[in-house]
Amino acid sequence: MTEGKTLVRLCRTDEVPLNEAKRFDVNGAPVALFHLPAGFFAIGDTCSHEESSLSEGYVDDDVVECPKHGAQFAIETGQNRSLPATRPVPAYRVVVEGDEVYVEDPNG
């Protein structure tokens, strides 16, 4: 994650319940925002194995499981944790200011 990228407002903190996710279109890039006990985290919403929305997957602690074929990804880093995914998904810096959630622009 790069500190100097532009931040884009996504939502209010109360719009994504704890231990759930929501998909956002950020300047044409699909981003999954997760609300975990440790805070808010954002990764690319499209599974690197096959096109499926990770925000619709099963969240277990700090891992999301793709709803299509069960590939698992670390929510904080986007790192793939199981097959059939062999590549990570991008992770994006999240900033919370008051009750507003911002994410770095995937396109710069």
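Up top is the structure these notes are about.
Cut-offs applied
Residues numbered from 1 in each chain as written. Predicted model: local features only at pLDDT ≥ 70, side-chain atom pairs only at ≥ 80, totals over all residues. Heavy atoms only, no water. Pairing = 2+ DSSP bridges. Helix = DSSP H or I, 4+ residues; strand = E, 2+ residues; numbered from the N terminus. Axes fitted to C-alpha atoms, helices over the stretch in contact; angles between N-to-C directions.

Chemist: Go over the sheet that holds strand β2 (residues 20–26), please, and point to the residues and values.
Modeler: Strand order in this open sheet of 4 strands is β2-β3-β4-β8, and the pairing throughout is antiparallel. The two strands at the open ends of the sheet, each matched to only one other strand, are β2 and β8 (91–92). Where strand β3 (residues 29–36) lies against strand β4 (residues 39–44), 6 bridges are found, and the strand directions are antiparallel. Paired with His35 across the bridge in β4 is Phe40.

Chemist: Explain the sheet that holds strand β9 (residues 94–97) to me, and be specific about the residues and the numbers.
Modeler: Strand pairing within a sheet occurs via backbone hydrogen bonds; the two strands may be parallel or antiparallel. In space, the 3 strands of this open sheet follow the order β1-β10-β9, with antiparallel pairing throughout. Looking along the sheet, the strands with just one partner apiece sit at the ends: β1 (7–12) and β9. Neighbouring strand axes in the sheet, compared pairwise and without regard to direction, differ in orientation by 30 degrees on average.

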